[in-house]
Amino acid sequence: GCTLCCKVMSVPSIDKRPGVWCPHCKTGVGCGIYDTRPNECANFVCGFLKMPGLGEEWRPANSRLIIDTQKEEGTMLVYVDQARPDAWKRQPYYAALQGWARWALAHRQRVVVRTGSRTIMVMSDHAIDFGTVYQDEVLVFFPVPHVNGIGSDYRAYAAKSEMWAKLGLEMQHGTQVPSEANGFRSGRR
């Protein structure tokens, strides 16, 4: 009966935009074209169903969040119902997202929240709002050592894909610094 994915996610093959109900969705029942549904829908497995440790509070009808660990390699995407754009900031969700981000960043992965047209990268102790991330941009991050030399923080950027392909390796090794002139932009904390 859960159909929130039919609202918050896009389905390009049928020109279904994120944030609007799919015309084939029968709210509370399921897909009206289930047997012939697009591949994007047939291949999607909701994170609530895939992650057995999540309690009932994470059920999309309760949380207003859809977790997707399949769409982008190394990225946990969390789609937020636009009717509740701050749902991801509530507890226990925000603390869990930060915990997952702590693990993800240490493993060169990331946790990203999408609410409306905004893309937000969750860090271990804060979040960075990049606003609209365009099709020619990718989210990247770099470890930055603490001043005292113990541990590190991370800096995140939305980068032009072509510049990331050209300069990314140098930036990861610290021989090049991200700058707006090189197609990198910071988000808002």
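*Asks:* What should I look at first to understand helix α5 (residues 93-106) in this one?
*Replies:* Count 3.6 residues to each turn of an α-helix, and residues three or four apart come out pointing the same way. Under the 1.5 Å per step criterion, the end-to-end length of α5 is 20 Å for 14 residues, consistent within 8% with the ideal 20 Å. For α5, the complete set of buried residues consists of Tyr93, Tyr94, Leu97, Gln98, Ala101, Ala104 and Leu105. Seen from one end, α5 has its buried residues packed into an arc of 130°, which puts them on one side.

*Asks:* Would you mind showing me how to read unusual backbone geometry here?
*Replies:* Glycine aside, residues mostly have negative phi, and peptide bonds are mostly found in the trans state. Residue Pro92 is reached from Gln91 by a cis peptide bond, and omega for that bond is 10°. Here Pro92 lies in the loop between β4 (75-80) and α5. The residue Asp15 is not glycine, and still its phi comes out positive at about 55°. When you line up the elements, Asp15 lands in the loop between α1 (5-8) and β1 (25-26). At Arg64, a residue that is not glycine, the phi angle is positive and equals roughly 70°. Among the structural elements, Arg64 can be located in the loop between α4 (60-63) and β3 (65-68). On the basis of relative accessibility, which here comes to 18%, the residue Arg64 falls in the buried class.

*Asks:* What is the right way to look at the pattern of salt bridges in this model?
*Replies:* Any two side chains of opposite charge can pair, given that their charged atoms come close. Taken as a whole, this structure holds nine salt bridges when the rule is applied. Note that Arg118 is salt-bridged to Asp129, the shortest N-O span being 2.7 Å. Of the two residues, Arg118 is situated in strand β6 (residues 118-122) and Asp129 in strand β7 (residues 127-129); the sequence distance between them amounts to 11 residues. In this structure Arg118 comes out as partly exposed when scored by relative accessible area, which is 29%. Among the ionic pairs, Lys160 bridges to Asp136, the shortest N-O distance being 3.1 Å. Pair noted here: Lys160 is in strand β9 (residues 152-160) and Asp136 is in the loop between β7 and β8 (137-145), with a separation of 24 residues, a long-range link. Residue classification places Lys160 among the partly exposed residues on the basis of a relative accessible area of 31%.

*Asks:* Just to check I follow, could you spell out the packing of aromatic side chains for this structure?
*Replies:* The relative placement of two aromatic rings is captured by the distance of their centres and the angle of their planes. Under the defined criterion, the tally for this structure stands at eight aromatic pairs. Taking 6.3 Å as the distance between ring centres and 70° as the angle between the ring planes, the aromatic pair formed by Trp164 and Phe184 counts as edge-to-face. Of this pair, Trp164 sits in helix α6 (residues 161-172) while Phe184 sits in strand β10 (residues 184-185), and the two are 20 residues apart along the sequence. Here Phe184 falls in the buried class, since its relative accessible area comes to 2%. Connected via pairs of aromatic rings, a cluster forms that spans Phe142, Tyr157, Trp164 and Phe184. Its guanidinium or amino end placed over the ring of Tyr34, Arg37 lies 3.8 Å from that ring's centre, counting from NZ or CZ.

What counts, and at which threshold
Residues numbered from 1 in each chain as written. Predicted model: local features only at pLDDT ≥ 70, side-chain atom pairs only at ≥ 80, totals over all residues. Heavy atoms only, no water. Helix = DSSP H or I, 4+ residues; strand = E, 2+ residues; numbered from the N terminus. Expected span 1.5 Å × (residues − 1). Buried < 20%, exposed > 50% of the residue type's maximum accessible area, 1.4 Å probe, protein only. Arc of directions from axis to C-beta. Salt bridge = Lys/Arg side-chain N within 4 Å of Asp/Glu carboxyl O. Phe/Tyr/Trp six-rings, centres within 6.5 Å; stacked < 30°, edge-to-face > 60°. Lys NZ or Arg CZ within 6 Å of the ring centre and 35° of its normal.

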